[in-house]
Amino acid sequence: MAGGGRRTRETRRYGRLRPGDRVAVVAPSGPVDPVRLEAGRAVLRRLGLDPVVGKHTLDLVNLGSLGTVRNDWHRLAGSDADRAADLQEAWCDPEIRAVVCARGGYGATRVLDRLDWTALADATEASLAAGRGPKILHGCSDVTALHAAFGARLGVTTSFGPMPAGVIADLSPAVEQDMPDERLHGLRAALFGGPVALPGTHALRPGRAEGPLTGGTLSLLTALLGTPYAPPPAAGHVVFLEDVTEAPYRIDRMLVQLLQAGWFDGAAGIALGSWRDCGDPAELDSVFAARLGPLGVPILAGVPAGHGPHQRTLELGAPALLDTGALDLGVPDVGALTLPALPGGAR
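Residues numbered from 1 in each chain as written. Predicted model: local features only at pLDDT ≥ 70, side-chain atom pairs only at ≥ 80, totals over all residues. Heavy atoms only, no water.

Each pocket or cavity is described by its volume, and for the second largest pocket that value is around 390 Å³. Of the residues that constitute the lining of the second largest pocket, the class distribution is nine nonpolar, eight polar and five charged. When residues of the lining of the second largest pocket are sorted by domain, at least three fall in each of domain 1 (22-192) and domain 2 (197-330). (1 Å grid on protein atoms, 1.4 Å probe; cavity = no way out; pocket = protein on both sides within 12 Å on 5 of 7 lines; lining within 4 Å. Points joined across faces, edges and corners; volume = space filled by probe spheres on them. Nonpolar A, V, L, I, M, F, W, Y, C, P; charged D, E, K, R; others polar. Domains from an automatic or database assignment.)

In structure tokens:
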């Protein structure tokens, strides 16, 4: 049922991992560096997990053909059909407890029509019936397309955070030497269980808001508008936004598009993550204040999630509390975006 499925109303929080759980590493988007992938897998193993790699994870194709690969053209990690097959096989395998995307880049939107959403939904229900809870879909950036579709169609929360061939590969010293590292701590909390609290740096509009967390990478949310995979409207939700290498005028244009589409109508609050290589931070704050301020909801900026070296992990779809605290009074390190742990540490 390519492109089919239904939007569910109830969202089930994913089951937390336990030491020894098998996780599948797949590549639904851009090409993967095998050295960094192996470094990331080593970190996952040190966390007590058993990471297996999808069949096509290290494949390479160009955008327009399956012929000889040209390195000077944009590349993907295999054909659309193969990338979708790896993702679907992992999600439907009852031995796999999490599907971890190796990296972002580009290409996730192209696999959406290739997925059998009925089979994915059946596998989700089977996981629930087994008493283990839904499995985890983990990744960020381009994976926002999958977060939006899985959340809406399967009714599950998903994990937005660093990936094995990305920042996780850089966590080797911290995990090997048992060094304190907020990125590693946040990843553990999100995947294995525990509260997640991400401090902001400044408030663009003060206040306090509660609601399920939605959002992700701005350019992907915008790219999905008008498609069968568009993220449901943000009414009643705390919205998380971030992006990379987008000029302020392009960020402004995307915000305008979402506003004109009515996507922000009724949003409870907004958390702004990292905007790496997106121009002058002061200009960005001016854009956010001008476009999002009229919504009349609290806006917390500087949340350490998104692109860049300081990536933390967020559970999209989970209950969230956004509180600017005393940031609006000029007191630093008080406002935060918080996601409580499941009651009793339940999976």
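Another aspect to go through is the packing of aromatic side chains. Under the counting rule described, the total for this entry stands at six aromatic pairs. Their ring planes at 75 degrees and their centres at 5.5 Å tell us that Trp117 and Phe150 sit as a pair that is edge-to-face. Placement of the pair is Trp117 in helix H4 (residues 117-129) and Phe150 in helix H5 (residues 144-154), with a sequence separation of 33 residues. Accessibility expressed as a relative area gives 2% for Trp117, which makes it buried. (Phe/Tyr/Trp six-rings, centres within 6.5 Å; stacked < 30°, edge-to-face > 60°. Helix = DSSP H or I, 4+ residues; strand = E, 2+ residues; numbered from the N terminus. Buried < 20%, exposed > 50% of the residue type's maximum accessible area, 1.4 Å probe, protein only.)

The subject of this paragraph is the environment of Ala98. Within the secondary structure layout, Ala98 lies in strand E5 (residues 96-101). The sequence separation of Ala98 and Pro134 amounts to 36 residues, and the corresponding C-alpha distance is 9.0 Å. Other than its neighbours up to four places away in sequence, Ala98 contacts Leu17, Arg22, Val23, Ala24, Lys135 and Ile136. (Contact = heavy atoms within 4.5 Å.)

Right, let's talk about the UniProt feature "active site" (unreviewed entry) in the protein for a bit. Here the UniProt-annotated "active site" (unreviewed entry) positions come out as Ser141, Glu242 and His307. A stretch of 167 residues holds the annotated residues, and the largest C-alpha distance among them is 8.6 Å, short enough that they meet in one place. Taking the annotated residues in turn, Ser141 and His307 line the second largest pocket. Within the secondary structure, Ser141 sits in the loop between strand E6 (136-139) and H5. When its relative accessible area of 12% is taken as the criterion, Ser141 is described as buried. Excluding residues within four positions of it along the chain, Ser141 makes contact with Phe160, Thr217, Leu220 and His307. Positionally, Glu242 belongs in strand E11 (residues 238-244). (UniProt positions renumbered as here; feature names shortened; annotations may be inferred.)

Within a beta sheet, neighbouring strands are joined by backbone hydrogen bonds and run either parallel or antiparallel to one another. If you trace the eight strands from one edge of the open sheet to the other, you get E8-E16-E15-E10-E11-E12-E13-E9, paired in mixed fashion. Both outer strands of the open sheet, strand E8 (196-199) and strand E9 (202-205), are each paired with one neighbouring strand and no more. On average, each strand axis in the sheet is tilted by 30 degrees relative to the strand beside it, whichever way the strands run. Looking at chain direction, E8 and strand E16 (residues 336-339) are connected through four bridges and run antiparallel. Looking at E16, one finds that Leu198 is bridged to Leu337. (Pairing = 2+ DSSP bridges. Axes fitted to C-alpha atoms, helices over the stretch in contact; angles between N-to-C directions.)

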